[in-house]
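What the coordinates show
Spelled out, the chains give:
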Amino acid sequence: MLTVVAGPCGSGKTHWIWQQMIAQEDAKPLAYISPATVGVDAYRLSLNVPQLQVEHDLPETSHAIRQAAEQQTIYLELGCYLSLDLPELAKIPHRQVAVVSPDCFAHTDWVRSDWEQWADEVVINAVPLAKITASKTTASKTTAIESEFVDSKTDLWQASLRGQVLDPASLHLFWQELVQGAYGRLIRAKAVFELADGDAIYVDHLPHQETTYQDLPLPKWLNGRPQRFSGIEMMGQGLDKGAIAATLSDCCLDDATLKSHQAALKESQAYLSQEAA
Amino acid sequence: MKIAVISCIHGNLEALNAVLADIDHQGADQTFCLGDLVGYGPYPNEVVEIIRDRQIPSCQGCWDEDIIDGLNACECSYPSLLAEKRGRLAHEWTDAEVTAQTREYLAQMPLTLRHENLCFVHGSPQSQHEYLLPETSAFIALERVLSTGADVLFCGHTHVPYVRTLSDGQLQIRVVNQAQANAQANSQTLTTPLKRIINAGSVGEPRHGKPQATYIIYDTLSEQTIFREVDYDYEKTCAAIVSKGLPPIFAWRLSKGLEFAEKADDPTHVCER
């Protein structure tokens, strides 16, 4: 079965997909596709659903899509900046689910009707989206049913950070600047970062809300550059992408500093083990 | 006598001019400057020229010293990798920008200034780089004031103005002479009268969440301190930061009253420079 999931920025699409995955009763393999992203959501889902198969996009032919949908339970998550027109799925059985927040309906009825027109099912997620006022002046379907946050001027920026380890104090400084608009008007940002203490964290910033930080359930990486996913995705308006990339790069540890940090951490761990023994 | 104390101008000419005008308006008899005339901001030479021409007594700040002696910071100067990279960038830009005359002036600045029972330093009497934060331990704070022999110690460097009163201070000194056979300790207890540390904030790089320049007026008779916040055309300084090739993030931070890069927040740290 193929389920296409869409919804406004920060409405809780990935959270809803995760809920469906853990509630699945049959033994069909689970697959998740989030096109045009470096894979922050995919990585978080895969940590919680170990058997999950992650793909970057749908198979190229209708036949292959149909075959995959028969064999797997596939969730295709469409970021709010992607078109909701899906001609390649016209002849393929699938379900379209819109995940929206209660706030969407509080502001305009036509948002609801548009979502209802597109979706087979509209899920009102408990995750609140603080303030949404839709604009009818935008032309395409993608933007027409979106909030004030996404329009034709919306910039997207994402980067894989695999192997990069960040200095926490620098990351804090950078993130404060980012969310306060130093590099343009930020709408949404989410990231997985590897930190100097060997831990990995998930950082999530929603419009008009405080940033949330979450430790990821992963072992400390203390031997060289982490060979696991880390990356950042953001959406905004007038983003100075060059400055963002350069600043993020300045937050990263060089080889010598990383080696020194990891040696100290390993020494500390050995000492604590001895103490415990 | 009414004195004005200014600090941490950091090449911000617009802010300095506005503050000096405000000082004139307040009718201060004398102005003292606690250093950091240069660094981060776009007009280091012009700021030095004004301080020199007005003959404002000024002690040397950490940035002034770094331009003369080169960077040799303790970790308290750069609390993050990002701050360090920005600081180095600003240092290199300033180092290339300053004239021989400016350099000469910075090199001859004293580390401390005295006026009657008042002492003026940039960071602390121990080092231009040491932060005397409001939360610094009372023992260290009192020791730093006592080491000067003054009753009031004026400092800057943190960019956040404050007054700290150290009352009923008591220091116990114990000297152990190991050369003596019985190695007995000689103890002496000193009880001190009320002392004060007064931080003047920052003219050119405020860090109190607003772009306004800060400085203080101190009345030596009434011992009253007045904090002054002065509006100035910070957007002009921001434009100059960008046009002179300094990182645009400095302009953004200045406009938010966030300071350019440094941020001292560990009151237990003792500067090792």
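Residues numbered from 1 in each chain as written. Chains lettered and ligands numbered in written order. Predicted model: local features only at pLDDT ≥ 70, side-chain atom pairs only at ≥ 80, totals over all residues. Heavy atoms only, no water.

What about the sheet that holds strand S11 (residues 224–230) of chain B?
Residue and element names in this part refer to chain B. With respect to topology, four strands assemble into an open sheet ordered S2-S1-S10-S11, the strand pairing being mixed. Where the open sheet ends on each side, the last strands, each with one partner, are strand S2 (30–33) and S11. Each strand axis lies, on average, 25 degrees off the axis of its neighbour in the sheet, ignoring direction. On top of the sheet, helix H1 (residues 13–26) reaches strand S1 (2–6), S2, strand S10 (213–219) and S11; it is set at about 25 degrees to S10, its chief contact. (Pairing = 2+ DSSP bridges. Helix = DSSP H or I, 4+ residues; strand = E, 2+ residues; numbered from the N terminus. Axes fitted to C-alpha atoms, helices over the stretch in contact; angles between N-to-C directions. Contact = heavy atoms within 4.5 Å.)

A closer look at the packing of aromatic side chains
In total, this model carries twelve aromatic pairs over all chains according to the counting rule given. For the pair Phe120 of chain B and Phe154 of chain B, a centre-to-centre distance of 4.9 Å together with 10 degrees between the ring planes defines the contact as stacked. Here the residue Phe120 of chain B occupies a position in strand S4 (residues 118–120), and Phe154 of chain B occupies one in strand S5 (residues 152–155), the gap between them amounting to 34 residues. Overall, the relative accessible area of 0% leaves Phe120 of chain B in the buried class. Of the residues examined, Phe154 of chain B reaches a relative accessible area of 0% and is grouped as buried. One aromatic cluster in this structure is built from Phe174, Trp175, Tyr183 and Phe193 of chain A. The side chain of Arg44 of chain A reaches across the aromatic face of Tyr202 of chain A, ending 3.7 Å from its centre. (Phe/Tyr/Trp six-rings, centres within 6.5 Å; stacked < 30°, edge-to-face > 60°. Buried < 20%, exposed > 50% of the residue type's maximum accessible area, 1.4 Å probe, protein only. Lys NZ or Arg CZ within 6 Å of the ring centre and 35° of its normal.)

Notes on the domain arrangement of chain A
Interface size is commonly expressed as the accessible surface area that is lost when the partners come together. Residue and element names in this part refer to chain A. Here chain A is partitioned into domain 1 (2–146) and domain 2 (154–263). Listed by partner, the interface residues are 17 residues for domain 1 and 24 residues for domain 2. Of the roughly 1700 Å² buried between domain 1 and domain 2 on both sides combined, carbon and sulfur atoms contribute 70%. Here domain 1 and domain 2 share one salt bridge between them. A salt bridge links Asp41 to Lys190; the shortest N-O distance between them is 2.6 Å. The interface formed by domain 1 and domain 2 contains seven residue pairs in polar contact (both at pLDDT 80 or more). The residue inventory of the side of domain 1 that touches domain 2, partitioned by class, reads eleven nonpolar, three polar and three charged. (Domains from an automatic or database assignment. Buried area = accessible area lost by both parts, 1.4 Å probe. Salt bridge = Lys/Arg side-chain N within 4 Å of Asp/Glu carboxyl O. Polar contact = N/O pair within 3.5 Å; in protein donor to acceptor, adjacent residues only side chain to side chain. Nonpolar A, V, L, I, M, F, W, Y, C, P; charged D, E, K, R; others polar.)

Remarks on the environment of Ile232 of chain A
All names here are of chain A. Considering the arrangement of structural elements, one finds Ile232 in strand S11 (residues 231–237). The sequence separation of Ile232 and Thr37 amounts to 195 residues, and the corresponding C-alpha distance is 9.2 Å. Contacts of Ile232, omitting those with residues within four sequence positions, involve Val38, Val40, Trp157, Gln158, Ala159, Leu161, Trp175, Lys190, Ala191, Phe193 and Leu248.

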